[in-house]
Amino acid sequence: MKAVKTLGQFIIEKQADFPYAKGELSRLLRDLGIAAKIVNREVNKAGLADILGEAGSVNIQGEEQKKLDIYANEQFISALKYGGECCMVASEENEDYIHIDSEISREAKYIVAIDPLDGSSNIDVNVGVGTIFSIYRRISASGKANDSDVLQRGTEQVAAGYIIYGSSTMLVYTTGKGVNGFTLDPSIGEFCLSHPNMCIPDDGVIYSINEGYYTHFPDGVKKYIKYCQVEDAKTNRPYTSRYIGSMVADLHRNMIKGGIFIYPLTASAPKGKLRLVYECNPMAFIIEQAGGKASNGYDRILELEVTELHQRSAIFIGSKNMVIKAEEMMACFSPQLTRKNFEGETCLQ
Ligand code: AHM
Ligand code: MG
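Residues numbered from 1 in each chain as written. Chains lettered and ligands numbered in written order. Predicted model: local features only at pLDDT ≥ 70, side-chain atom pairs only at ≥ 80, totals over all residues. Heavy atoms only, no water.

Draft legend 1. Seen up close, the sheet that holds strand β10 (residues 240-241). Pairing is mixed in the open sheet, where 5 strands are placed in the order β10-β9-β11-β13-β12. Two strands lie at the open edges of the sheet, namely β10 and β12 (293-295), each paired on one side alone. As judged from the 3 bridges shared by β12 and strand β13 (residues 315-318), these two strands associate in the antiparallel manner. Note on β13: the bridge partner recorded for S295 is F316. The sheet strands contacting helix α8 (residues 276-289) are β12 and β13, and the helix crosses β13 at an angle near 30°. (Pairing = 2+ DSSP bridges. Helix = DSSP H or I, 4+ residues; strand = E, 2+ residues; numbered from the N terminus. Contact = heavy atoms within 4.5 Å. Axes fitted to C-alpha atoms, helices over the stretch in contact; angles between N-to-C directions.)

Here it is in structure tokens:
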């Protein structure tokens, strides 16, 4: 019989990789795992909304029903509050930072940035949604944590992960030493190591982009989409188009099968749609750790300067060679880059 390794056991085992670690990060990851299980329970009941009460209504116990994304936000924040290892949370659901000012948390070392329920427009239709989180070490010396603690470049992340609430629920995370995936076994209520040392294939045949916005895409993206659709047996083209509309689910699939996910600048989202701090950076950290690549079409996501909590960015992320090819197409429409980095090679095709 195969031995089961739970997330908790794995985290403790990995603590040995950091000889001076005092267990704070381990406890923080554990807290996030606990909140994920609570959110999972609620996400799985979403289809029962008609029976249990819609958001805004009052349930049988007299409690007000909340929208799931608000519920998820509250669960993660309260797990971090009571865990004591996080002094500040930055969430997609909150305009401003949430300071955790309790006796135990005030001096805590870590900051968590989180998108508690990404792809929430998919909840009503029983399609996969996810949570994305990113952990930074606080850099301000004392007092209340501030802007400088959250607005760090993605390269400074200590850990990042996502939870996918799908046909089964998985937690995938990295602390900068590879990526590991855990599947929730509902019979024992534990995340169990199911995908050790995850690697994304260097090449893939899946491209994920909302093609409905095609006419609003930059020329480089249009050129790349056309490239994906051309018949060419040598490179396994045409590629397959797959787009769920939940970044976590789209990226999780592409990580396992090989593929690229693109959310470019568009006419209606001229700075991009996805947020740098709690969507792009954590996903970029995970994908790079799995051997893939993430850029905004020109520059590495993890090195982008962060100036605002809810800053947006374009993102090209996934299998290394697919992202490189897409970047080459982008460079075709940026003469400086073409000459400097790519010598115009792709543009001649
Ligand atoms: P959300 O944070 O409001 O849920 O939006 C983020 C989601 C991503 O998961 C997904 O990739 C994208 O928005 C889909 O956007 P679109 O419907 O424009 O394709
Ligand atoms: Mg989101």
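Draft legend 2. Broad picture of the environment of M330. Mapped onto the elements of the fold, M330 is located in helix α9 (residues 320-332). The sequence separation of M330 and V221 amounts to 109 residues, and the corresponding C-alpha distance is 6.6 Å. The residues contacting M330, other than those within four sequence positions of it, are P218, G220, V221, G297, Y298 and F316.

Draft legend 3. Spatial organisation of unusual backbone geometry. Residue P238 is reached from R237 by a cis peptide bond, and omega for that bond is 5°. For P238, the location among the structural elements is in the loop between α6 (219-229) and β10. With phi around 60°, N236 is a residue other than glycine that occupies positive phi space. Considering the arrangement of structural elements, one finds N236 in the loop between α6 and β10.

Draft legend 4. Summary view of the environment of A314. One can find A314 in the loop between β12 and β13. With 52 residues separating them along the chain, A314 and I262 place their C-alpha atoms 7.8 Å apart. Dropping the residues within four chain positions of it, A314 is found in contact with Y263, P264, L265, K271, G272, S295, N296 and I301.

Draft legend 5. Seen up close, the sheet that holds strand β2 (residues 98-99). Pairing in this open sheet of 8 strands is mixed, and the strands run β2-β1-β3-β4-β5-β6-β7-β8 from one edge to the other. The open sheet has two edge strands, β2 and β8 (190-195), and neither has a second partner. With 5 bridges connecting them, strand β7 (residues 179-185) and β8 associate as antiparallel partners. When the sheet's bridge partners are listed, L184 is paired in β8 with F191. Those strands touched by helix α1 (residues 7-14) are β6 (169-174), β7 and β8, and its axis lies near 5° from that of β6. Its contacts with the sheet put helix α7 (residues 247-257) on β3 (110-118), β4 (129-137), β5 (157-165), β6, β7 and β8, and the angle it makes with β5 is roughly 100°.

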